[in-house]
Amino acid sequence: MSATPISLPVPQVPARRAHVRTEPLQDIPVPGRKRVLLAAPRGYCAGVDRAVVAVEKALERYGAPVYVRKQIVHNIHVVTELEAQGAIFVEEVDEVPEGAHVVFSAHGVSPAVVNAAADRGLQAIDATCPLVTKVHREAVRFARDDRHILLIGHAGHEEVEGTAGEAPEHTTIVNSPEEADTIEVADPSRVVWLSQTTLSVDETMETVRRLRIRFPELQDPPSDDICYATQNRQVAIKKVAKSADLVIVVGSANSSNSVRLVEVALEYGAKAAYRVDYADEVKQEWLDGVETVGVTSGASVPEVLVQEVLEQLAGAGYRDVEEVRTAEEDLMFSLPKELRQDINGQKTERALGGRIRA
Ligand code: SF4
């Protein structure tokens, strides 16, 4: 993993015009001034940008099709656009023809998946976010120390499956604060907690608090597992939410961090909050009597989708847009090593236009 102090440019995934509303929202008067508070940071994180670029570069380098295990990132627009470029998304590696290139998604994979791909002779490109890989390494290390890992996260989410798969005998998944009250472990004196990277910070801390009541010797992870992008987007929407009559979160239903943003907005004072994939999903009735609309997007959402929502809102009279920025982000990651090894460094730098480091 490497970090350099440059800003990520706006992602180049184009808009799907088919999703732009044909009948615009109406500009119905409200008692006060209509405005939009636009949360920042929002949208693409460094791990998502890297994963999407990895698929694009694999297509460019090896030609279509390139197979991708699971959605490369949890955003339907991104997946659809990559499919149009020649990516084929599969659920498991046994659906990939022997010897073909397969990209592992940003959410990470268990060693069992890596081994299955190798057994099949697949040429794997691992686009797991380095911040997810960090949690995998922690899981391996704690298991080696014969600790029992309480993995706070959503069972069935790909990231949780991948992390738990590093040490399945040493891991118990804790889905919620309520579950913390009931789980059992063999040796309560040797427990450590880790977490999914995209959870609500507040809810996770509540889960940890309740775990510690049950297991006073609970060990903390060496550093935050909830990643910088998740935390930054939650901090920004908390600030927006307290002044917002309505919050619109752009993001897909299976995007954990996007769904968390809706919950956090409601918790921190928004009178209503909804998630949309596309601008045409914004409903007229959501705007009844609304003066201030907060807008944000999950870490897997291209900025173009947010701009389309702002266009829709402008048509309804919400033309006054004020950015509420709570942090600057300049993290970027190198391409997966398999791609770096396969692409001439100088050529890569030119082809990427400086978008991501090779
Ligand atoms: S949300 Fe966080 S952990 Fe997930 S890909 Fe983005 S930076 Fe990585």
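This text gives an overview of the structure that appears in the document. On a predicted model such as this, the values are computed, not experimentally measured, just so you know.

What counts and how
Residues numbered from 1 in each chain as written. Predicted model: local features only at pLDDT ≥ 70, side-chain atom pairs only at ≥ 80, totals over all residues. Pairing = 2+ DSSP bridges. Helix = DSSP H or I, 4+ residues; strand = E, 2+ residues; numbered from the N terminus. Axes fitted to C-alpha atoms, helices over the stretch in contact; angles between N-to-C directions. Parallel < 35°, antiparallel > 145°, perpendicular 65-115°, else oblique. Left-handed = near helix turned anticlockwise from the far one by under 90°. Contact = placed C-beta atoms within 7 Å. Nonpolar A, V, L, I, M, F, W, Y, C, P; charged D, E, K, R; others polar. Core = buried A, V, L, I, M, F, W, Y, C linked by C-beta atoms within 7 Å. Buried ≥ 20, exposed ≤ 12 C-beta atoms within 10 Å, placed from the backbone. Near = placed C-beta within 6 Å. Expected span 1.5 Å × (residues − 1). Right-handed = clockwise from strand over helix to strand, strands pointing away.

Quick notes on the sheet that holds strand β5 (residues 123-126)
Turning to step 1, where the next piece is worked out: If you walk across this open sheet you meet the four strands as β3-β2-β4-β5, and the pairing is parallel. Edge positions in the open sheet fall to β3 (87-90) and β5, since each of these has one partner strand only. When strand polarity is set aside, the average angle formed by the axes of neighbouring strands in this sheet is 30°.
Turning to step 2, where the next piece is worked out: Bridge analysis of strand β4 (residues 101-104) against β5 gives four bridges, and the strand direction is parallel. Residue pairing across strands places V102 opposite A124, the latter belonging to β5.

Structural notes on the packing of helix α8 (residues 228-241) against helix α9 (residues 256-267)
Turning to step 1, where the next piece is worked out: Two numbers describe how α8 lies on α9: the axes approach to 9 Å, and their chain directions differ by 30°. In terms of orientation, α8 lies roughly parallel with respect to α9. With respect to the hand of their crossing, α8 and α9 are arranged in right-handed fashion. Judged by residue contacts, T230, R233, Q234, I237, K238 and A241 of α8 engage N257, R260, L261, V264 and A265 from α9.
Turning to step 2, where the next piece is worked out: Of the residues in the contact of α8 with α9, the class split is five nonpolar, three polar and three charged.

Describing the nonpolar core
Turning to step 1, where the next piece is worked out: In terms of nonpolar packing, the biggest core is built from 98 residues, with I72, V103 and V247 touching the most fellow members.
Turning to step 2, where the next piece is worked out: Considering every element that reaches this core, the biggest residue donor is helix α1 (residues 46-62), with eight residues.

So, the site of the ligand
Turning to step 1, where the next piece is worked out: Around the ligand, the surrounding shell holds 15 residues, and the nearest of these are C45, G47, C129, T197 and C227.
Turning to step 2, where the next piece is worked out: When residues of the shell around the ligand are assigned to their parent elements, the largest contribution, three residues, is made by α1.

A word on α8
Turning to step 1, where the next piece is worked out: Its 14 residues give α8 an end-to-end C-alpha distance of 20 Å, which sits within 8% of 20 Å, the value for a rise of 1.5 Å per residue.
Turning to step 2, where the next piece is worked out: With respect to burial, α8 is a largely interior element, 10 of its 14 residues being buried.
Turning to step 3, where the next piece is worked out: Within the span of α8, buried status applies to A229, T230, N232, R233, Q234, A236, I237, K238, V240 and A241.
Turning to step 4, where the next piece is worked out: Packing partners of the buried residues in α8 comprise β1 (35-40), α7 (201-214), β9 (246-250), α9, β11 (292-297) and β12 (321-325).

Considerations on the pairing of strand β7 (residues 171-174)
Turning to step 1, where the next piece is worked out: Pairing between strand β6 (residues 148-152) and β7: four bridges, direction parallel. Following the sheet pairing, L151 is matched in β7 by I173.
Turning to step 2, where the next piece is worked out: After leaving β6, the chain enters helix α5 (residues 158-164) and then returns to the sheet as β7, a path that is right-handed.

Remarks on the environment of A58
Turning to step 1, where the next piece is worked out: As for its position among the elements, A58 is in helix α1.
Turning to step 2, where the next piece is worked out: C-alpha separation for the pair A58 and A87, spaced 29 residues apart in sequence, amounts to 9.3 Å.

Looking at the sheet that holds strand β8 (residues 191-195)
Hydrogen bonds along the backbone pair up the strands of a sheet, which may run parallel or antiparallel.
Turning to step 1, where the next piece is worked out: Spatially, β7-β6-β8 is the arrangement adopted by the three strands of the open sheet, whose pairing is parallel. For this open sheet the edge positions go to β7 and β8, each flanked by a neighbour on one side alone. On average, each strand axis in the sheet is tilted by 25° relative to the strand beside it, whichever way the strands run.
Turning to step 2, where the next piece is worked out: In the packing of helix α4 (residues 130-144) onto the sheet, contacts are made with β6, β7 and β8, and the angle to β8 comes to roughly 170°.

The analysis is restricted to geometry; functional conclusions fall outside its scope.
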